[in-house]
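Examination of the molecular architecture
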Amino acid sequence: MQSRRPVRVLAVTSGKGGVGKTNVSVNLGTALAEFGHSVVLLDADMGLANIDVLLGLSPRYNFFHVLEGEKSLDEVMVKGPAGLMVVPGASGIQKMAELTTTEQAAVIRSFSEFDQEIDVLIVDTAAGISSGVVNFAKACQEVVVVVCDEPTSLTDAYAFIKLLNRDHGLCRFQVLTNMMSSAEQGQNLFAKLCKVTDQFLDVNLHFFGSVPEDPYLRKSVRKQAPVVQAYAQSPSAQAFRNLARKIETWPLTNRAGGNLEFFVERMIGMDYLDDEVTV
């Protein structure tokens with residue numbers, strides 16, 4: 001692996017679907033790329049991948065071909081808006097939705113072949129609390145949990161945070177409130193989640209910020225373009241750029257674990273090593 005400078009590695013996830021998680025990943029990645037960063041967006045929804053659809057891309061290959069050893073990561077990667085580099089997932093391929101822990105690690109180890117310097121790796125996970133989602137989240141330096149103002153969104157986000165905390169030792173989470181009618185609503189929603197986690201869990205929740213409910217965001221989806229480019233002056237586009245600026249302020253890890261080796265090593269250090277699998 002050639003990457004030696006520190007890399008920000010973050011997972012964008014949620015307890016349930018339908019909260020706009022993938023739109024968050026796409027627009028954060030595009031905004032960071034517009035700011036001049038080298039960004040890789042990994043579609044880690046193994047089975048229902050849709051980042052390529054959201055961006056109007058037509059990749060010839062995807063992560064399935066990396067898993068099968070047919071292609072390298074460089075060969076499946078496609079260029080998106082503003083120079084954003086996208087690693088397409090494999091939509092509708094059942095095998096990708098049923099990866100063993102060993103296979104999940106093999107997929108991530110493909111990053112050892114990646115010879116480009118990058119600044120940010122964004123991992124767009126599937127929704128829910130499957131082993132694949134948990135393993136990707138555990139491997140990242142920051143976990144961004146996207147919630148919206150629905151009871152099921154909050155309860156599922158709490159269940160996800162509880163699982164990662166109690167079973168896997170994760171204590172720090174960034175919470176992003178999405179589709180908010182006002183900034184105050186976003187703060188109140190975050191406070192509701194904190195009230196429960198403060199009572200029952202030993203975690204630190206940080207308020208990442210809010211994205212407003214915005215008809216331009218829906219229009220951008222129909223145009224298959226990020227709202228930060230399609231409607232650059234819209235409220236949601238401005239919110240995503242503010243969030244991207246906040247990511248720039250997050251501390252970088254300067255130890256060996258600060259570069260992409262961190263991501264690979266965290267993935268290959270998972271439970272399957274107990275099964276005496278040689279990697």
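Worth saying up front: this structure is predicted, and the values here are computed from it rather than measured. (Residues numbered from 1 in each chain as written. Predicted model: local features only at pLDDT ≥ 70, side-chain atom pairs only at ≥ 80, totals over all residues. Heavy atoms only, no water.)

The element strand β2 (residues 39–44) is largely enclosed, with a buried count of six among its six residues. Because side chains alternate across β2, one face comprises the buried residues Val39, Leu41 and Asp43, and the other comprises Val40, Leu42 and Ala44, equally buried. Where β2 meets strand β4 (residues 85–87), three bridges bridge the pair, whose relative direction is parallel. Bridge pairing in β4 places leucine 41 opposite valine 86. (Buried < 20%, exposed > 50% of the residue type's maximum accessible area, 1.4 Å probe, protein only. Helix = DSSP H or I, 4+ residues; strand = E, 2+ residues; numbered from the N terminus. Pairing = 2+ DSSP bridges.)

What follows covers helix α10 (residues 215–223). Two or three places before tyrosine 216, at the opening of α10, aspartate 214 has a side-chain oxygen 3.0 Å from that residue's backbone nitrogen. Of the residues trailing α10, glutamine 224 is marked for its positive phi of about 55°. (Polar contact = N/O pair within 3.5 Å; in protein donor to acceptor, adjacent residues only side chain to side chain.)

The subject of this paragraph is the pairing of strand β8 (residues 204–212). Consecutive residues of a regular strand have side chains that alternate between opposite faces of the sheet. Note: strand β7 (residues 172–180) against β8, eight bridges, orientation parallel. Along β8, the bridge assignment pairs glutamine 174 with histidine 206.

What follows is about the sheet that holds β4. If you trace the eight strands from one edge of the open sheet to the other, you get β3-β4-β2-β5-β1-β6-β7-β8, paired in mixed fashion. Across the chains shown, the open sheet's two edge strands, defined by having one partner strand only, are β3 (78–79) and β8. Relative to strand β5 (residues 120–125), β2 runs parallel, the two being bridged by six bridges. Opposite leucine 41, over in β5, you have isoleucine 122 as the bridge partner. Strand contacts of helix α1 (residues 21–34): β1 (8–13), β2, β5, β6 (142–147), β7 and β8, with the helix running at about 170° to β5, the strand carrying the most contacts. (Contact = heavy atoms within 4.5 Å. Axes fitted to C-alpha atoms, helices over the stretch in contact; angles between N-to-C directions.)

So, about the packing of helix α8 (residues 151–168) against helix α9 (residues 183–200). With their axes 11 Å apart at the nearest point, α8 and α9 run at an angle of 40° to one another. Classified by the angle between their axes, α8 and α9 sit oblique to one another. At the point where α8 passes α9, the crossing takes the right-handed sense. Contacts between α8 and α9 pair Leu154, Tyr158, Ile161 and Arg166 from the former with Leu189, Lys192, Leu193, Val196, Thr197 and Phe200 from the latter. Taken together, the residues of the contact of α8 with α9 break down into seven nonpolar, one polar and two charged. (Parallel < 35°, antiparallel > 145°, perpendicular 65-115°, else oblique. Left-handed = near helix turned anticlockwise from the far one by under 90°. Nonpolar A, V, L, I, M, F, W, Y, C, P; charged D, E, K, R; others polar.)

For the structure shown, the criterion picks out one cavity of 30 Å³ or more. Empty space within the largest cavity amounts to approximately 30 Å³. Lining the largest cavity are Asn23, Val26, Asn27, Leu54, Leu55, Ser220, Val221, Ala225 and Pro226. Those elements giving two or more residues to the lining of the largest cavity turn out to be α1 and α10. Top contributing element to the lining of the largest cavity by residue count: α1, with three residues. Looking at side-chain class alone, the lining of the largest cavity contains six nonpolar, three polar and no charged residues. (1 Å grid on protein atoms, 1.4 Å probe; cavity = no way out; pocket = protein on both sides within 12 Å on 5 of 7 lines; lining within 4 Å. Points joined across faces, edges and corners; volume = space filled by probe spheres on them.)

This part covers unusual backbone geometry. Although it is not a glycine, methionine 179 sits at a positive phi angle of roughly 60°. Among the structural elements, methionine 179 can be located in strand β7. Taking relative accessible area as the criterion, methionine 179 reaches 31% and is therefore assigned partly exposed. A positive phi angle, close to 55°, is found at glutamine 224, a residue other than glycine. Note on placement: glutamine 224 falls in the loop between α10 and α11 (227–230). Residue classification places glutamine 224 among the partly exposed residues on the basis of a relative accessible area of 37%.

Bringing the layout of surface pockets into the picture now. Taken as a whole, the largest pocket encloses approximately 330 Å³ of empty space. Forming the boundary of the largest pocket are 19 residues, of which Gly18, Val19, Gly20, Lys21 and Asn23 lie nearest the centre. If you list the elements that add at least two residues to the lining of the largest pocket, you get α1, β7 and α10. Of the residues forming the lining of the largest pocket, the biggest block, three residues, is contributed by α1. Grouping the constituent residues of the lining of the largest pocket by class yields five nonpolar, eight polar and six charged.

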